[in-house]
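Listed here are the chains, written in short residue letters.
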Amino acid sequence: MSADQNRRLAFRWLATAKQDLETARWLRGGEYFNTACFQAQQAAEKALKAFLFWQGERGVRGHATFELLNRCVEFRPEFETLRQHCRVLDRHYIPTRYPDALPDNTPYEAFGPEDADDAIRRAEVILQAVQEAMAEKSDA
């Protein structure tokens, strides 16, 4: 894959991350709090993958934002400040979706508006950081 192909792929991942974040906001407005939390995690995951593709990586795999961030920090140490956001968002990957992931209740019973608001805010921070980093490299 050429550098141009990587760059185009990075923009596709970033566009999808933005769409996932918009979906999270929409779901939160509809009071689908657990699914909003999951979509926020997805937005952060895809934003971090976009950054890795932007850096020239190929075959970026994995779903844990915490692990993806470890790879991103190698290219941009300032991303270390995103660690707590990833730590929290990764908690929304499985329990928000599967009825047997939590004891005695379903995901839609376990997550509320405060969870969705927090997840969306954290995803926004990550997405903003990635967008700024990619813009800086474009200008260079």
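Before reading on, note that the structure itself is shown above.
Notes on the structure in this doc start here. Source: prediction; values computed, not measured.

### A short note on unusual backbone geometry
Not every positive phi belongs to a glycine, and Glu-31 is a case in point at roughly 65 degrees. Tracing the backbone shows Glu-31 in the loop between α1 (3-29) and α2 (33-54). Phi at Asp-104 is positive, roughly 65 degrees, even though this residue is not glycine. Within the fold, Asp-104 resides in the loop between α4 (83-89) and α5 (107-110).

### Section: α1
Here α1 spans 39 Å end to end across 27 residues, near enough to the 39 Å set by a 1.5 Å rise per residue. Within the span of α1, buried status applies to Asn-6, Leu-9, Ala-10, Leu-14, Ala-17, Asp-20, Leu-21, Ala-24 and Leu-27. Following α1 by one or two positions, Glu-31 adopts a phi angle in the positive range, close to 65 degrees.

### Considering the pattern of salt bridges
For the structure on display, the rule yields 11 salt bridges. Lys-49 serves as the salt-bridge partner of Glu-45, at 3.0 Å between the closest nitrogen and oxygen. Remark: Lys-49 and Glu-45 occur in helix α2; sequence separation between them is four residues, near one turn of the helix. The partner of Glu-78 in a salt bridge is Arg-76, and the shortest N-O contact between them spans 3.6 Å. For Glu-78, a relative accessible area of 44% puts it in the partly exposed group.

### Details of the packing of aromatic side chains
Under the counting rule described, the total for this entry stands at five aromatic pairs. Taken together, a centroid distance of 5.9 Å and an interplanar angle of 25 degrees make the contact between Trp-13 and Phe-53 stacked. Residue Trp-13 is located in helix α1, and its partner Phe-53 is located in helix α2; the two are separated by 40 residues in the primary sequence. Of the residues examined, Phe-53 reaches a relative accessible area of 4% and is grouped as buried. Measuring from ring centre to ring centre gives 6.1 Å for Phe-38 and Tyr-93, while their planes differ by 45 degrees; the resulting arrangement is tilted. Separated by 55 residues along the polypeptide, Phe-38 in helix α2 and Tyr-93 in the loop between α4 and α5 bring together distant segments of the chain. By relative accessible area, Phe-38 is classed as buried at 12%. Classification of Tyr-93 by relative accessible area gives partly exposed; the value is 21%. What links up through ring pairs into an aromatic cluster is the set Phe-51, Phe-75 and Phe-79. The ring of Phe-66 carries Arg-83 above its face, with NZ or CZ at 4.8 Å from the centroid. Stacked on the ring of Tyr-93, the Lys or Arg Arg-97 has its end atom at 4.6 Å from the ring centre.

Thresholds, definitions, all that
- Residues numbered from 1 in each chain as written.
- Predicted model: local features only at pLDDT ≥ 70, side-chain atom pairs only at ≥ 80, totals over all residues.
- Heavy atoms only, no water.
- Helix = DSSP H or I, 4+ residues; strand = E, 2+ residues; numbered from the N terminus.
- Expected span 1.5 Å × (residues − 1).
- Buried < 20%, exposed > 50% of the residue type's maximum accessible area, 1.4 Å probe, protein only.
- Salt bridge = Lys/Arg side-chain N within 4 Å of Asp/Glu carboxyl O.
- Phe/Tyr/Trp six-rings, centres within 6.5 Å; stacked < 30°, edge-to-face > 60°.
- Lys NZ or Arg CZ within 6 Å of the ring centre and 35° of its normal.

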